[in-house]
Amino acid sequence: MDRQELAGFLRGRRERITPADVGLPAGPRRRTPGLRREEVAQLAFISTEYYTRLEQARGPRPSREVLAGLARALRLSDAERDHLHHLAGAPPGPQAGPSCEVPHSILDLLRRLPHTAAIVLSATYEVIAWNDLAAALLEDFSPLSRRERNLLRRAYLTPPSRERPLYDPFDAEAFARAAARRLRATAARYPDDPEVTTLVGDLLSGSAKFARLWAAHDVRPEPTLLKTVNHPLIGPITLNCDLLDITDQNQQVVFFTVEPGSPAEQALRLLSVIGTQRMDVPG
């Protein structure tokens, strides 16, 4: 175990993550870059004192359970997770749970698509990245907690509202079926991950519809080629819906595009100007 290198690695990764990345409020007078030590400890399900000792290079060798919690809390990539294990003197085993770390190349791609709305979904249907046009088309995900950004929870456990829409009232059933099928495959791939098992348990106990789909054991993909977003300011916008699988991360990029010269293209151009500002409320 290399305590000094481990301490530096943990500190560096903690300082690069913002509270919004993990669904925490920034709060006033935040003097430290990134997360606080107690926030990482809370996300990793360990004590603040124990985590502090690790960052001060005076902690004991962490167990595999602690390392898995730290990797999840710090949103480490697969390569970073392996490096963490090697620093702790514990060779890495199979990945414990779905990754929420979006490759930098994908984040750069989202920024380079000013006329295409795009989001990145984790294996549990959590929205983990988006570009500005997606925020204007769907909603601004940045102030939402991780639970609120989970589209499966939204589809089955949260009644749609103006503030928390399902984006597409016309194919909500198709989306719900497709998402349940993908989650079935995710649960088989990560049988011991607490976030996956908690999500499945919450959906089974909270939605009879989900329980019926889950009992069917269906994992057959059901692609969505068109999606109609009922935007509160502009109205219905029909878009092409294309998926890009990030295989090594078990994630999907969802691209929303329109036909050139169509009314939908004009709507997206207007949204790119409006952004996420609300123009339907009194100033």
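Up top is the structure these notes are about.
Not measured: the values here are computed from a predicted model.

Asks: Describe in detail the overall build of the protein, supporting the description with residues and values.
Replies: What the protein contains, in helices and strands, is twelve helices and five strands. Sorting the 283 residues of the protein into buried and exposed places 45% on the buried side. Here the contacts in the protein between residues at least 6 apart in sequence split such that 58% fall between residues at least 24 apart. By element, 54% of the accessible surface of the protein is carried by carbon and sulfur atoms, the whole surface being about 14,500 Å².

Asks: Kindly report on helix α12 (residues 263-274), identifying the contributing residues and their values.
Replies: The terminal C-alpha atoms of α12 lie 16 Å apart, and with twelve residues this matches the ideal 16 Å at 1.5 Å per residue to within 8%. Among all positions of α12, only A264, A267, L268, L271 and I274 are buried. Taken down its axis, α12 places every buried residue within 120 degrees of arc, on the same side. Every exposed residue of α12 that faces more than 90 degrees away from the buried side is listed here: Q266 and V273.

Asks: With reference to specific residues and values, describe the packing of aromatic side chains.
Replies: Scanning the entire structure with this criterion turns up three aromatic pairs. Relative to F210, the ring of Y156 has its centre 5.2 Å away and its plane inclined at 75 degrees; by these criteria the two rings are edge-to-face. Of the two residues, Y156 sits in helix α8 (residues 151-156) while F210 sits in helix α11 (residues 208-215), which places them 54 residues apart along the sequence. Of the two residues examined, Y156 and F210, each falls in the buried class. Ring pairs connect the aromatic residues Y156, F210 and W214, which therefore count as one cluster. Sitting over the ring of W214, R184 keeps its end group 3.9 Å from the ring centre.

Asks: An account of the pattern of salt bridges is needed here, citing residue identities and associated values.
Replies: Opposite charge on two side chains permits them to pair, given that their charged atoms come into close proximity. Within the structure shown, the criterion is met by 16 salt bridges. When the shortest N-O distance is used, the salt bridge between R154 and E139 registers 2.4 Å. Residue R154 is located in helix α8, and its partner E139 is located in the loop between α7 (132-137) and α8; the two are separated by 15 residues in the primary sequence. Neither R154 nor E139 differs from the other in exposure class; each is buried. Each of R72, E126, R146, R149, D193 and E195 takes part in a single network of salt bridges with overlapping partners.

Rules used throughout
Residues numbered from 1 in each chain as written. Predicted model: local features only at pLDDT ≥ 70, side-chain atom pairs only at ≥ 80, totals over all residues. Heavy atoms only, no water. Helix = DSSP H or I, 4+ residues; strand = E, 2+ residues; numbered from the N terminus. Buried < 20%, exposed > 50% of the residue type's maximum accessible area, 1.4 Å probe, protein only. Contact = heavy atoms within 4.5 Å. Areas by Shrake-Rupley, 256 points an atom, 1.4 Å probe, with all protein chains shown as cover. Expected span 1.5 Å × (residues − 1). Arc of directions from axis to C-beta. Phe/Tyr/Trp six-rings, centres within 6.5 Å; stacked < 30°, edge-to-face > 60°. Lys NZ or Arg CZ within 6 Å of the ring centre and 35° of its normal. Salt bridge = Lys/Arg side-chain N within 4 Å of Asp/Glu carboxyl O.

Just geometry here; none of it tells us what the structure is for.
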